Amino acid sequence: AGKEQASRSGVALGAGVCRRPPVLSVCPRCARLSAAVMIRSARSIAASVAFLTRPKHKSTVQCILNSTIRHSSYDVAVVGAGIVGLATARELILRHPSLSFIILEKEKELASHQSGHNSGVIHSGIYYKPGSLKAKLCVRGATLAYEYCDKKGVPYKRCGKLIVAVEQEEVPRLRALYQRGQENSVRDLRMIDAKEIREREPYCRGLMALDSPYTGIVDWRLVALTYAKDFQDAGGTVLTEFEAADIAMVAESPAGSEEGSRAPA
């Protein structure tokens, strides 16, 4: 079957928006897909990247995870459905509802690698260097994570944690961590003594501890799958068992072209 390619609008990448329209085409017989996505460099030099994907088997229906192919072409293709890809796709479709989106995942299930195999901690932001982006994002991210879980009914446990000094030489380091946490605006952080340690954790012994009640645990794979549901509810398409097989450069739009005119400003 022949492929029809329809020009679409630009795709937002980071803080900028590309002006070359990405193109995603679907072959009616084998659902072979190709997408061209432009990336603008730091020097504002435009280039285009084509994501070529192919199904691992012949059945198109088996490739679809709770989605139907809504378009013969898509404006934005996100390759990889881990928690980062799903969160990115969700945010993009909510910000730019006029564009069409598709997520392509090579595995049978979403978030099946690191996103579903981790300690499950919601970190409060104690350890990172004050003023760093990591510190700011960790503290803000913990608040947003709890808010999102409450809104979507995702179960979590705000169990808190103790960082315990068991020897005298560890006490100064513990105090330094407390100071760092204060500078990072970690919520409800406090120092506790040996008696309070036993009250909190009867089987724990220490000279002093840092009590971080805002630390919690959650199933991050469940969070990722909830992102996927949000994405689909907003009109996005998810395909599984599709792998990005190649990346190729394609030509820019010619000067004066109206392609990409629907790109968000």
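Q: Please explain the side chain of Glu-105 as it appears in this structure.
A: In this fold, Glu-105 is placed in strand β7 (residues 101-105). For Glu-105, which is buried and forms no salt bridge, the nearest opposite charge comes from Lys-106, at a distance of 6.7 Å. Non-local contacts of Glu-105, meaning those with residues more than four positions away in its chain, are made with Gly-80, Ala-81, Gly-82, Leu-110, Leu-239, Thr-240, Glu-241 and Phe-242.

Q: Got a minute to help me understand the environment of Glu-196 in this structure?
A: Topologically, Glu-196 is positioned in helix α5 (residues 194-200). The exposure class of Glu-196 is partly exposed, given its relative accessible area of 25%. Spatially, the C-alpha atoms of Glu-196 and Gly-206 are 9.9 Å apart, while their sequence positions differ by 10 residues. With near-sequence residues (within four places) excluded, Glu-196 lies in contact with Arg-190 and Met-191.

Q: Could you clarify how one ought to interpret the pattern of salt bridges in this entry?
A: Taken as a whole and assessed by the stated rule, the structure comprises 8 salt bridges. Between Glu-109 and Arg-221 there is a salt bridge, and its shortest N-O distance comes to 3.2 Å. A residue pair is termed long-range when its members are at least 10 positions apart, and Glu-109 in the loop between β7 and β8 (121-122) and Arg-221 in helix α6 (residues 220-233) qualify at 112 residues. Arg-221 sits in the partly exposed class, given a relative accessible area of 24%. Here Lys-152 ties to Asp-230 by a salt bridge, and the two come within 3.0 Å at their closest N and O atoms.

Q: Explanation requested: the pairing of β7 in the structure shown.
A: In summary, the side chains of a regular strand alternate between the two faces of the sheet. Across the 5 residues that make up β7, a large majority, 5, are buried. Residues Phe-101, Ile-103 and Glu-105 point to one face of β7 and Ile-102 and Leu-104 to the other, with burial holding for every one of them. Two strands pair when backbone bridges link them, and strand β6 (residues 76-79) and β7 are joined in this way by 4 bridges, in the parallel orientation. Residue pairing across strands places Val-78 opposite Ile-103, the latter belonging to β7. Between the parallel pair β6 and β7, the chain is carried across by helix α2 (residues 83-95), and the sense of this crossover is right-handed.

Q: Got a minute to help me understand the sheet that holds strand β14 (residues 237-240) in this structure?
A: In a beta sheet, neighbouring strands are held together by backbone hydrogen bonds and run either parallel or antiparallel to one another. On the basis of which strands lie adjacent, the open sheet formed by 3 strands has the order β6-β7-β14 and parallel pairing. Only two strands of the sheet have a single partner each, and these edge strands are β6 and β14. Ignoring which end each strand starts from, the neighbouring axes of this sheet average 20° apart. In terms of strand pairing, β7 meets β14 through 4 bridges, oriented parallel. Across the sheet, the residue bridging to Leu-104 is Leu-239, located in β14.

Q: What should I look at first to understand the nonpolar core in this one?
A: In summary, soluble globular proteins display a tendency toward joint burial of nonpolar side chains. With 28 residues, the main nonpolar core has Leu-86, Phe-101, Ile-103, Ile-122, Val-218, Val-223 and Phe-231 as its most contacted residues. Listing elements by their share of this core, those giving two or more residues are β6, α2, β7, α3 (133-152) and α6. Per element, the largest residue contribution to this core is 6 residues, and it comes from α6. Non-local contacts of Val-223, meaning those with residues more than four positions away in its chain, are made with Ile-83, Tyr-148, Cys-149, Val-154 and Val-218. Core analysis: the next-biggest nonpolar cluster, separate from the first, contains 11 residues, Val-139, Ile-163, Val-186 and Leu-189 among them.

Q: How do you make sense of the packing of aromatic side chains when you look at a structure like this?
A: Any aromatic ring pair is given by two values, namely how distant the centres are and how the planes are angled relative to each other. By the definition in use, this model includes 3 aromatic pairs. Ring-pair connections join several aromatic residues into one group, and the members of that group are Tyr-146, Tyr-156 and Tyr-214. The ring of Tyr-146 has Arg-158 lying over it, and the distance from NZ or CZ to the ring centre is 4.1 Å.

Q: How do you make sense of the pairing of strand β12 (residues 208-212) when you look at a structure like this?
A: Among the 5 residues of β12, 5 are classified as buried, and the element is accordingly described as predominantly covered. Burial along β12 is two-sided: Met-208, Leu-210 and Ser-212 facing one way and Ala-209 and Asp-211 facing the other are all buried. The pairing of strand β10 (residues 161-165) with β12 spans 5 bridges and is classified as antiparallel. In the strand pairing of β12, Val-164 is matched with Ala-209.

About the criteria used
- Residues numbered from 1 in each chain as written.
- Predicted model: local features only at pLDDT ≥ 70, side-chain atom pairs only at ≥ 80, totals over all residues.
- Heavy atoms only, no water.
- Helix = DSSP H or I, 4+ residues; strand = E, 2+ residues; numbered from the N terminus.
- Buried < 20%, exposed > 50% of the residue type's maximum accessible area, 1.4 Å probe, protein only.
- Lys, Arg positive; Asp, Glu negative; His and termini not counted.
- Salt bridge = Lys/Arg side-chain N within 4 Å of Asp/Glu carboxyl O.
- Contact = heavy atoms within 4.5 Å.
- Pairing = 2+ DSSP bridges.
- Right-handed = clockwise from strand over helix to strand, strands pointing away.
- Axes fitted to C-alpha atoms, helices over the stretch in contact; angles between N-to-C directions.
- Core = buried A, V, L, I, M, F, W, Y, C linked by side-chain atoms within 4.5 Å.
- Phe/Tyr/Trp six-rings, centres within 6.5 Å; stacked < 30°, edge-to-face > 60°.
- Lys NZ or Arg CZ within 6 Å of the ring centre and 35° of its normal.

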